[in-house]
Amino acid sequence: LPALDDGASVTLQRRFDAGRMLKEVAAWRRSLKLMVPATLQACLRHPDFAATDLSSLRLIMAGSSTIPAALIEGFHARGIPVGQVYGATETAPVALYLRGPDARRKIGSTGKPAIHCRARIVDAAGSEVEAGAAGEILVQGPNLFRGYWNDPAATASAFRDGWYCTGDIGHRDAEGYYYIDDRKKDVIISGGENIYPAELENVLAACPEIEEAAVIGRPDPRWGEVAVAVVVRKPGAILDAAAVLALFEGSLARFKHPRAIVFARALPRNVMGKVLKHELRSSLDSSPDSGGES
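Colleague: Before we go on, may I ask you to explain the overall build of the chain in this structure?
Modeller: Of the regular secondary structure elements, the chain holds eight helices and 16 strands. Considering only C-alpha atoms, the chain reaches an extent of 60 × 50 × 40 Å along its principal axes. Counting the 294 residues in the chain, one finds 45% classified as buried. Residue pairs in contact within the chain that sit at least 24 positions apart in sequence constitute 59% of those at least 6 positions apart. With an accessible surface of roughly 15,700 Å², the chain has 53% of that area assigned to carbon and sulfur atoms. With 35 positive and 35 negative side-chain charges, the chain shows a separation of 5 Å between the mean positions of the two kinds.

This is the structure we're talking about:
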């Protein structure tokens, strides 16, 4: 709708196909593209990506879930800046966004509040946190939904003093740029320490032998929870559990390292490309293709 309002033409594919998208950008000289992590990855790994003329693309905006830095840098290497948008259905949908001019110097940031929004980051007590500290992102503005249909209890729990509680954990740097650390419900608390799965998933995304990966928490009698990495190997890759664990050496504090590696044939995703982590948790113990534990 913003594109149409601004007088742009919009091209829709019946379904996403990386090869076709690359051809259409080159043929029709498209200048803007909205993508999600799964489609970014599909384009980067397509055999025509390096040779296709993408010079018309002046900006890609990405969203839907946390964007691994390796995906952003892959497009930056082709001279295409990748910004980010953040929001939810309840925020209709954009609440924060990273503009093109800031894309290269703020990799990983989802930018600043949109012109119609205000945002803040608070701790468990509802007090605003300082720059660099993690907390829940709250949003306020005329774009917010009024409530959940026929569910006053859910509506009441979604708001705090007129601010919508997003359920996302993030932090803000000294310049006021926001970063999404993870979903509040996905944060792993191990031995009293917070582990953000997205941080581990960034490490896994940079491995050329890994097709896709997700990190989830598993109950543990000693630590409360431990991190488990579910990994899909690239075709022909011979990566084993020890090699995956070695990726984290020197990258993250040891308490954040996965305690187990499970190899899978694919990750369950919804139509937006988001990994369905609740399905991974429920099937973890029965996975037929496990890769061993550390």
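Colleague: Looking at this model, I keep getting lost on the layout of surface pockets. Mind explaining?
Modeller: The rolling of a water-molecule-sized probe over the atoms marks out the regions of remaining empty space. Volume-wise, the second largest pocket comes out at about 340 Å³. Every residue lining the second largest pocket is counted, 18 residues in all, and those nearest its centre are Thr-66, Gly-108, Ile-180, Ala-198 and Asn-202. Of all the secondary-structure elements, those providing two or more residues to the lining of the second largest pocket are helix H4 (69–76), strand S10 (178–183) and helix H6 (197–205). For the lining of the second largest pocket, the class distribution of residues is nine nonpolar, six polar and three charged.

Colleague: What is the right way to look at the sheet that holds strand S2 (residues 59–62) in this model?
Modeller: Strands in a sheet are paired, the pairing made by backbone hydrogen bonds, and the direction either parallel or antiparallel. With respect to topology, five strands assemble into an open sheet ordered S1-S2-S3-S4-S5, the strand pairing being mixed. Across the chains shown, the open sheet's two edge strands, defined by having one partner strand only, are strand S1 (32–35) and strand S5 (112–113). Note that strand S4 (residues 94–98) and S5 share two bridges and pair antiparallel. By the bridge assignment, Leu-96 is partnered in S5 with Pro-113.

Colleague: How should the side chain of Gln-41 be read in this particular structure?
Modeller: Relative to the elements of secondary structure, Gln-41 occurs in helix H3 (residues 37–44). The residues contacting Gln-41, other than those within four sequence positions of it, are Leu-71, Glu-211 and Glu-212.

Colleague: Teacher, can you tell me more about the packing of aromatic side chains here?
Modeller: Each aromatic ring pair is summarised here by two numbers: the centre-to-centre distance and the angle between the ring planes. The final tally for this structure, using the stated rule, is five aromatic pairs. Ring geometry for Phe-49 and Phe-75: centres 5.2 Å apart, planes at 75 degrees, overall edge-to-face. Taken together, the residues span a long stretch of sequence, with Phe-49 in the loop between H3 and S2 and Phe-75 in helix H4 at a distance of 26 residues. Taken as a pair, Phe-49 and Phe-75 share a single burial class, namely buried. Ring plane angle 80 degrees and centroid distance 5.6 Å describe the contact between Phe-145 and Tyr-164, whose orientation is recorded as edge-to-face. Of this pair, Phe-145 sits in the loop between strand S7 (135–140) and helix H5 (152–158) while Tyr-164 sits in strand S9 (residues 163–172), placing them 19 residues apart in sequence. Taking relative accessible area as the criterion, Tyr-164 reaches 6% and is therefore assigned buried. Within the aromatic cluster, the residues linked to one another by ring pairs are Phe-145, Tyr-148, Phe-159 and Tyr-164. Above the ring of Phe-49, the side-chain terminus of Arg-78 is found at 5.4 Å from the ring centroid. Here the guanidinium or amino end of Arg-233 rests over the ring plane of Phe-263, the centre of that ring lying 3.7 Å away.

Colleague: For this particular structure, what's the right way to read helix H2 (residues 18–28)?
Modeller: For an α-helix, 3.6 residues make a turn, and residues three or four places apart therefore share a direction. Residues Ala-18, Gly-19, Met-21, Leu-22, Glu-24 and Val-25 constitute the buried set of H2. Its buried side turned inward, H2 meets S1 and H3. Looking at where H2 begins, the residue whose side-chain oxygen comes 3.3 Å from the main-chain nitrogen of Gly-19 is Asp-17. Of the residues one or two after H2, Arg-29 is the one with positive phi, at around 55 degrees.

Colleague: Please clarify how the environment of Ser-109 should be interpreted in this entry.
Modeller: Relative to the helices and strands, Ser-109 is located in the loop between S4 and S5. The exposure class assigned to Ser-109 is buried, which follows from its relative accessible area of 0%. On a C-alpha basis, the gap between Ser-109 and Ala-243 in space is 29 Å, while along the polypeptide they are 134 residues apart. Every residue in contact with Ser-109, bar those within four places of it in the chain, is listed here: Gln-84, Leu-98, Tyr-177, Tyr-178 and Tyr-179. From its side chain, Ser-109 meets the backbone nitrogen of Gly-111 in a polar contact 2.9 Å long.

About the cut-offs
- Residues numbered from 1 in each chain as written.
- Predicted model: local features only at pLDDT ≥ 70, side-chain atom pairs only at ≥ 80, totals over all residues.
- Heavy atoms only, no water.
- Helix = DSSP H or I, 4+ residues; strand = E, 2+ residues; numbered from the N terminus.
- Buried < 20%, exposed > 50% of the residue type's maximum accessible area, 1.4 Å probe, protein only.
- Contact = heavy atoms within 4.5 Å.
- Areas by Shrake-Rupley, 256 points an atom, 1.4 Å probe, with all protein chains shown as cover.
- Lys, Arg positive; Asp, Glu negative; His and termini not counted.
- Charge placed at Lys NZ, Arg CZ, Asp CG, Glu CD.
- 1 Å grid on protein atoms, 1.4 Å probe; cavity = no way out; pocket = protein on both sides within 12 Å on 5 of 7 lines; lining within 4 Å.
- Points joined across faces, edges and corners; volume = space filled by probe spheres on them.
- Nonpolar A, V, L, I, M, F, W, Y, C, P; charged D, E, K, R; others polar.
- Pairing = 2+ DSSP bridges.
- Phe/Tyr/Trp six-rings, centres within 6.5 Å; stacked < 30°, edge-to-face > 60°.
- Lys NZ or Arg CZ within 6 Å of the ring centre and 35° of its normal.
- Polar contact = N/O pair within 3.5 Å; in protein donor to acceptor, adjacent residues only side chain to side chain.

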